[in-house]
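Residue strings, one per chain:
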Amino acid sequence: MYVSVQDQPFDLGTVSAKFAEGHSNNGAIVTFTGLVRGGADDRLEAMEIEHYPGMTEAALNAMAENAINRFSLGDALIIHRYGRLVPGEMIMMVATAARHRKNAFEAAEFLMDYLKSRAPFWKREISDSGASWVASKDEDEDALSRW
Amino acid sequence: MDILYFAWVRERIGVPRERIETSAATVSDLVAELRSREERYELAFSDLGSLRVAVDQELADFDASLAGVREVAFFPPMTGG
């Protein structure tokens, strides 16, 4: 299991390749990567992500452990960045390894749903018209009910 | 007790954290105490439905006990991922 909360970028290829090593008992690896999405009118200059040091690491470790137990994973990984990011930059990634693909896909979705509304991160969008905190979505909260 | 604020709660209160002496028994009692202090707290805590709370770094309810608690954090709903 690997969890990292960091301001620095990560290399998707390197992280994915390392995660995929040594899984003689697992037949499936799923990775998901989230990017900063530019606004519809392309005016988003940057995304600033604030977090709660200490609680964030504990929450992500608990989520990864839950996913491993619930979906019988061989391994799980969560990387989430904070600080100032521009459109196109990678914000976060999850990776899951399981014997079969169904559990690997479901565990990745489980982790994403929990990261959205149970990990202490807050996003602020900076555009040429100013800065605004990103509001949580009801659908993100609702997504947890299926687990 | 250390009180931490994040995102727009931090902006409204004006500091990221502060240490206060309180005899509040629950989170709700603490909120009531803070709101009675100054306008900026009243502004930050005016809509509890849009706030979340963590007690010693774990998500909690507003009726959670503060017995033995070292750290309470207030923030808006989280937007990770």
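Note that this is a predicted model, so its numbers are computed, not measured.

## A look at the overall build of chain A
Scanning chain A from N- to C-terminus turns up 4 helices and 8 strands. The linear arrangement of helices and strands in chain A, starting from the amino end, is β-α-β-β-α-β-β-β-α-β-β-α. Compactness check: chain A gives a C-alpha radius of gyration of 16 Å against a globular reference of 15 Å for 147 residues, within 12% of the reference. Viewed in the frame of its principal axes, chain A has a C-alpha envelope of about 50 × 35 × 30 Å. Taken across its 147 residues, chain A has 31% of its residues classed as buried. Within chain A, residue pairs in contact and separated by at least 24 positions form 75% of the contacts whose partners lie at least 6 positions apart.

## Focus on the sheet that holds strand β5 (residues 71–75) of chain B
Residues and elements named next belong to chain B. A sheet is described by the order of its strands in space; here 5 strands give the open sequence β2-β1-β5-β3-β4, paired in mixed fashion. Every other strand in the sheet has two partners, leaving β2 (17–19) and β4 (58–60) as the edge strands with one partner each. The sheet shows a mean angle of 25 degrees between the axes of neighbouring strands, direction not considered. Pairing analysis gives 3 bridges linking strand β1 (residues 2–5) to β2, with the strands arranged antiparallel. Across the sheet, I3 pairs through a bridge with E18, a residue of β2.

## A closer look at the pairing of strand β6 (residues 90–98) of chain A
Remark: a regular strand shows side chains that alternate across the two faces of the sheet. All names here are of chain A. Most of β6 sits inside the fold, with 8 of its 9 residues counted as buried. Across 8 bridges, strand β2 (residues 28–35) lies against β6 in antiparallel orientation. Within β6, the position partnered with G34 by the bridge is M92. The pairing of strand β4 (residues 75–81) with β6 spans 6 bridges and is antiparallel. Counted as the bridge partner of I79 is M93 from β6.

## Structural notes on the nonpolar core
Counting residues in hydrophobic clusters, the biggest one holds 51 residues, and the most contacted among them are A107(A), L111(A) and F6(B). Apart from residues lying up to four places away in sequence, A107(A) is in contact with A67(A), F71(A), L73(A), A76(A), T96(A) and A98(A).

## Examining the confidence of the model for chain B
Within chain B, residue pLDDT values average 96, and 100% of them lie at 70 or more. In the predicted assembly, ipTM is 0.95 and pTM is 0.94.

## Points about the interface of chain A and chain B
Opposite the 21 residues of chain A that make contact, chain B presents 13 residues. Of all the secondary-structure elements, those providing two or more residues to the side of chain A that touches chain B are α2 (55–70), α3 (101–118) and β7 (121–127) of chain A. Tallying contributions element by element places α3(A) first for the side of chain A that touches chain B, with 5 residues. Partitioned by chemical class, the residues of the side of chain A that touches chain B number 12 nonpolar, 5 polar and 4 charged.

## A closer look at the environment of L115(A)
Looking at where L115(A) falls in the secondary structure, it is placed in helix α3. Given 24 C-beta atoms within 10 Å, L115(A) falls into the buried group. Linking L115(A) and M92(A), residues 23 residues apart in sequence, is a C-alpha distance of 9.8 Å. Apart from the residues lying within four places of it in its own chain, the contact partners of L115(A) are H80(A), M92(A), G80(B) and G81(B).

Rules used in this analysis
Residues numbered from 1 in each chain as written. Chains lettered and ligands numbered in written order. Predicted model: local features only at pLDDT ≥ 70, side-chain atom pairs only at ≥ 80, totals over all residues. Helix = DSSP H or I, 4+ residues; strand = E, 2+ residues; numbered from the N terminus. Rg over C-alpha atoms; globule rule 2.2 N^0.38 Å. Buried ≥ 20, exposed ≤ 12 C-beta atoms within 10 Å, placed from the backbone. Contact = placed C-beta atoms within 7 Å. Pairing = 2+ DSSP bridges. Axes fitted to C-alpha atoms, helices over the stretch in contact; angles between N-to-C directions. Core = buried A, V, L, I, M, F, W, Y, C linked by C-beta atoms within 7 Å. pLDDT = per-residue confidence, 0-100. Nonpolar A, V, L, I, M, F, W, Y, C, P; charged D, E, K, R; others polar.

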